[in-house]
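In case you want the letters, here they are:
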Amino acid sequence: HDSRTIPANDFARWFLNQRLRNIRADYDDIKALTVEERHELRIAVKKTRYGIEFFQTLLPAKRVARVNSILKALQDNLGHLNDLDVAERTVAALVNAAHAALARRQITAGGKIVRRWHSAAAAKAEPETLKLWRKLERASSF
């Protein structure tokens, strides 16, 4: 087959396996990733999930379910970690924008509550994220 006549299921497997290889290679040391790199990983995972959903009828159903489940949970956990960063930056921006001292104190107090909630979610997500990453590293190719 030349590249113009490759069967759709072969292309789907090649494409998704390439995306998974790239994710594993680009983000191999997940513990060392910065907040921005984790956000980029989340986007790469999301795009791969979209690809799996698009090609799912051409792929082995059990493998689709397993890999998609890992990717969805990984995406969700990475989202919690990103939410903490966004909350911190948002509160800081609001405090800086507030002109009155009382408003800055109230925003800071409210921000502490939001930060505690997101910190708890992120702390819970961290070990799960590492576990999911190991599962993704061991997941079979399509």
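What counts and what doesn't
- Residues numbered from 1 in each chain as written.
- Predicted model: local features only at pLDDT ≥ 70, side-chain atom pairs only at ≥ 80, totals over all residues.
- Heavy atoms only, no water.
- Axes fitted to C-alpha atoms, helices over the stretch in contact; angles between N-to-C directions.
- Helix = DSSP H or I, 4+ residues; strand = E, 2+ residues; numbered from the N terminus.
- Parallel < 35°, antiparallel > 145°, perpendicular 65-115°, else oblique.
- Left-handed = near helix turned anticlockwise from the far one by under 90°.
- Contact = heavy atoms within 4.5 Å.
- Nonpolar A, V, L, I, M, F, W, Y, C, P; charged D, E, K, R; others polar.
- Salt bridge = Lys/Arg side-chain N within 4 Å of Asp/Glu carboxyl O.
- Buried < 20%, exposed > 50% of the residue type's maximum accessible area, 1.4 Å probe, protein only.
- Phe/Tyr/Trp six-rings, centres within 6.5 Å; stacked < 30°, edge-to-face > 60°.

Asker: Give a description of the packing of helix H2 (residues 35-55) against helix H3 (residues 61-97) that names residues and reports values.
Answerer: Where H2 contacts H3, the axes come no closer than 9 Å and their chain directions differ by 150°. Regarding the angle of H2 to H3, the classification is roughly antiparallel. Here H2 runs over H3; the crossing is left-handed. Along its contact with H2, which presents Val35, Arg38, His39, Leu41, Arg42, Val45, Lys46, Thr48, Arg49, Ile52 and Glu53, the element H3 presents Val64, Val67, Asn68, Leu71, Lys72, Leu74, Gln75, Leu78, Gly79, Leu81, Asn82 and Asp85.

Asker: Describe the packing of helix H1 (residues 8-26) against H2, and please don't skip the residues or the numbers.
Answerer: A pair of packed helices is characterised by two quantities: the angle between their axes and the separation of those axes. H2 packs onto H1 with a crossing angle of 165° between their chain directions and a minimal axis gap of 10 Å. One way to sum up the angle between H1 and H2 is to call them roughly antiparallel. In the crossing of H1 with H2, the sense of the turn from one axis to the other is left-handed. Contact with H1, carried on its side by Phe11, Ala12, Phe15, Leu16, Arg19, Leu20 and Ile23, involves Leu41, Ala44, Val45, Lys47, Thr48, Gly51, Ile52 and Phe55 of H2 and no other residues of that element. The class makeup of the residues in the contact of H1 with H2 is 11 nonpolar, two polar and two charged.

Asker: Just give me the short version of the pattern of salt bridges, but keep the residues and values in it.
Answerer: Should their charged atoms come close, side chains of opposite charge can pair. If you walk through the whole model with that rule in mind, you get six salt bridges. The partner of Asp76 in a salt bridge is Lys72, with the nearest N and O atoms 3.1 Å apart. In this pair, Asp76 and Lys72 are both assigned in helix H3, four residues apart and thus about one turn of the helix distant. Its relative accessible area of 38% is what places Asp76 among the partly exposed residues.

Asker: So what's going on with the packing of aromatic side chains? Residues and values would help.
Answerer: Taken as a whole and assessed by the stated rule, the structure comprises five aromatic pairs. Ring centres 5.9 Å apart and planes at 20° place the aromatic pair Phe11 and Phe15 in the stacked group. On the criterion of helical spacing, the pair formed by Phe11 and Phe15 is a turn pair, its members being four residues apart in helix H1. Overall, the relative accessible area of 33% leaves Phe11 in the partly exposed class. Judged by relative accessible area, which is 28%, Phe15 ranks as partly exposed.

None of the figures reported here should be taken as evidence of function without further support.
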